[in-house]
Amino acid sequence: MHLTLGPILGYWPRDQVLAFYRDAANWPVDTIYLGEVVCSRRHELRLDDWRDLGRELVLAGKTVVLSTQALLESESELRTLRRIVDNGEFLIEANDLGAVGYLQGRTGFVAGPHLNIYGQETLALFAELGARRWVPPIEMSAGQLAQLMAAHDGELETEVFAWGRLPLAFSARCFTARHFNLKKDECAFRCQEFADGQLLRTREGEPFLTLNGIQTQSAATHSLLGEVDALRAMGVTHLRLSPQSQHMAEVVRLFANALQGERPASDAAADLVEAGLCNGYWHGQPGMRWKTPDARS
Amino acid sequence: MQPRTRPPELVCPAGSLPALKAAVDHGADAVYLGLKDATNARNFAGLNFDVASAREGIRYAQSRGRRVLMAINTYPQAGQTKQWQTAVDTAADWGVDAVILADLGLMRYACRTHPGLARHLSVQGSATNYEAINFCRHQFGIARAVLPRVLSLSQVEHLIQHAEAEIEVFGFGSLCVMVEGRCLLSSYATGESPNTAGVCSPAKSVRWEPTPEGMEARLAGVLIDRYAADEPAGYPTLCKGRFEVAEETYYALEEPTSLNVLAVLPQLIEIGVAAVKVEGRQRSPAYVAEVTRTLRAAIDAAFAERQRFHVKASWSLQLAKLSEGQQQTLGAYNRPWK
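The present account deals with the structure reproduced in this document. (Residues numbered from 1 in each chain as written. Chains lettered and ligands numbered in written order. Predicted model: local features only at pLDDT ≥ 70, side-chain atom pairs only at ≥ 80, totals over all residues. Heavy atoms only, no water.)

## A closer look at the interface of chain A and chain B
Next up, step 1: Contacts between the two partners involve 70 residues from chain A and, on the opposite side, 68 residues from chain B.
Next up, step 2: Summed over both partners, the interface of chain A with chain B buries about 6,000 Å², with 55% contributed by carbon and sulfur atoms.
Next up, step 3: Sorting the residues of chain A by area buried against chain B places Arg173, Arg178 and Arg203 of chain A first, and these three jointly supply 14% of that buried surface.
Next up, step 4: In this structure, the connection of chain A to chain B is made through seven salt bridges.
Next up, step 5: Summed over the shared surface of chain A and chain B, the result is 44 residue pairs in polar contact (both at pLDDT 80 or more).
Next up, step 6: Sorting elements by how many residues they give to the side of chain A that touches chain B places helix α5 (residues 120-129) of chain A first, with eight residues.
Next up, step 7: The residue inventory of the side of chain A that touches chain B, partitioned by class, reads 33 nonpolar, 22 polar and 15 charged.
Next up, step 8: Sheet topology note: the strand β8 (residues 198-201) of chain A/strand β11 (residues 243-245) of chain B ladder contains two bridges and is antiparallel. Considered in β11 of chain B, the bridge of Leu200 of chain A is made with Val245 of chain B. (Contact = heavy atoms within 4.5 Å. Buried area = accessible area lost by both parts, 1.4 Å probe. Salt bridge = Lys/Arg side-chain N within 4 Å of Asp/Glu carboxyl O. Polar contact = N/O pair within 3.5 Å; in protein donor to acceptor, adjacent residues only side chain to side chain. Helix = DSSP H or I, 4+ residues; strand = E, 2+ residues; numbered from the N terminus. Nonpolar A, V, L, I, M, F, W, Y, C, P; charged D, E, K, R; others polar. Pairing = 2+ DSSP bridges.)

In structure tokens form, the structure reads like this:
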């Protein structure tokens, strides 16, 4: 089983992005996803920059995948999509059907977590369209995933979102701009002030969600650190760790150790996150819940 | 584009047989309905159709020259595909005019098993660009796609110019601020979402609790909002609650408000929208009747008058009474947002 670094979901300054990947080049991750998935107004790095970065990471021994934007609205966004797909160099993660349509029949692609593959027929269809790897929807339980994996012939790699704030929704509206009374189209890039998004609490002060521009994430950090053995037994090939701005090297180390057979304490990563851990989806429960992994001998 | 010879189709919600008849009687060109189970995205207790009511409803509509569309627009869950496929078989057996589907595997099943049954891509299919729509056209021969409520008018126009299928847009009703089919907020709190169970903020997870600080609305224990004694309370949908961000309490995602496109109907007609959809299968027959009557009149007037069209005060008044929080918005169509 391999570790991957998912695309950075926040809007980080260019120097921070480059520094992050300079470090990541030395981490025990196999694959690194690059690119802007959330908002086309975010371009501290443009496609050529991502390609340059990708080449450096390849030289460092990493496999690089370019991720496409999840919500594609305008012609300029489609133009960017086509340029990414036509890059001729890196594997592509498709996060929208528009990308799938454009990728179909080309060399294999990764079917991203936003494509809504819930059933075996749909999974088989994506395999026929050329997917070589797929990322199940984040709300899928272990039981459902086991059924799907039993149904497909095993040639498709499966990558599970194993760490990070859950990307729960995409909107027409930018909630960060809204917070600052700014129009979406004149947002002043205020989301850059919040590397890991803005915390949204209930009126009782309970952390609940995270505002990340047009994306809504969970406040709690989803962690399958305690489920590594089960994931491996199921045949999952890749675990995705979604980058956060702090402590990411430590997160990777914990997962790498778990892959080596070290049994982490159930809340080993709790100190590394802002608003607690969750893993409910994996257990067929509300995603915000936390179930302590079963004690095993 | 050919000049239009008739106005866009008015597609109205039928959560029950009385609502279906109300829509047909008040001028809907088409109604959409679903079964009483997780195969449709409005899987609420007490709603939707069984065999007898569906057959009666389809006969009622089609004998009056109206079309019936059947929504099978949730995602077949692992190991349960048969239930969704059976729903498609049922739709074909009943002789509906089209099925509205979101899942690609199910789309392929419908395409292969019932090639003569027209297929629409549901708003739950999250197609926000023409590449996505044309992909579904080429793969599955879809006749129409319903757009999520996230595009501006000019984006809708550009999409229509490049899409190889008819385009249906939402015209009135509760505003879903997230891209449909890509919102998991409900399952994050309750374990059930539109994609998995056909529900958003399921009623069984809702609790109303009077407290000294006001009436509290909770969803799966999460405080969604708290209302003062004289304050109208909405259904506790997660995206329309009041929350704290940086110590400011406000509707951080969206106010309780309804989409209302009356003001831009001439533009929607001009750019070639094929159908205008009314949201609200969970609403009463009286609501459906009022909204259908108003939209029928407004669409016909906009088609006849084009740029001379103006929104009648009586229509606005009528729809305002039926709107969430008595507030209305053009939503993404004109991006007026703060």
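## Thoughts on the state of the cysteines
All names here are of chain A.
Next up, step 1: Taken as a whole and judged by the stated rule, the model has zero disulfides over all chains.
Next up, step 2: The closest cysteine sulfur to the non-disulfide-bonded Cys191 is located on Cys187, 6.2 Å from its own sulfur.
Next up, step 3: Residue Cys191 is classed as buried on the basis of its relative accessible area of 11%. (Disulfide = S-S within 2.5 Å. Buried < 20%, exposed > 50% of the residue type's maximum accessible area, 1.4 Å probe, protein only.)

## Comments concerning the environment of Ser223 of chain A
Residues and elements named next belong to chain A.
Next up, step 1: With respect to the secondary-structure elements, Ser223 resides in strand β10 (residues 215-223).
Next up, step 2: Here the alpha-carbon distance between Ser223 and Gly276, two residues 53 residues apart in the chain, equals 9.8 Å.
Next up, step 3: Aside from chain neighbours lying at most four places away, what touches Ser223 is Ala162, Trp163, Leu277, Cys278, Asn279 and Trp290.

## Overview of the pairing of strand β3 (residues 63-67) of chain A
Residue and element names in this part refer to chain A.
Next up, step 1: Most of β3 is tucked away: four of the five residues are buried.
Next up, step 2: Alignment of strand β2 (residues 31-34) against β3, held across four bridges, turns out to be parallel. Looking at the pairing, Thr31 lines up with Thr63 of β3.
Next up, step 3: With helix α2 (residues 47-59) bridging β2 and the parallel β3, this β-α-β connection has right-handed handedness.
Next up, step 4: Sheet analysis places β3 next to strand β4 (residues 91-94), joined by three bridges and oriented parallel. For Leu66, the partnering residue across the bridge sits in β4 and is Ile92. (Right-handed = clockwise from strand over helix to strand, strands pointing away.)

## Some details on helix α11 (residues 313-321) of chain B
All names here are of chain B.
Next up, step 1: Among the residues of α11, those classed as buried are Trp315, Gln318 and Leu319. Projected down its long axis, α11 shows its buried positions confined to an angular sector of 90°, all on one face. Away from its buried face, by an angle of more than 90 degrees, α11 presents the exposed residues Ala313, Leu317 and Lys321.
Next up, step 2: In this structure, the buried residues of α11 make contact with β7 (166-174), β13 (258-260), α10 (285-305) and β15 (328-329). (Arc of directions from axis to C-beta.)

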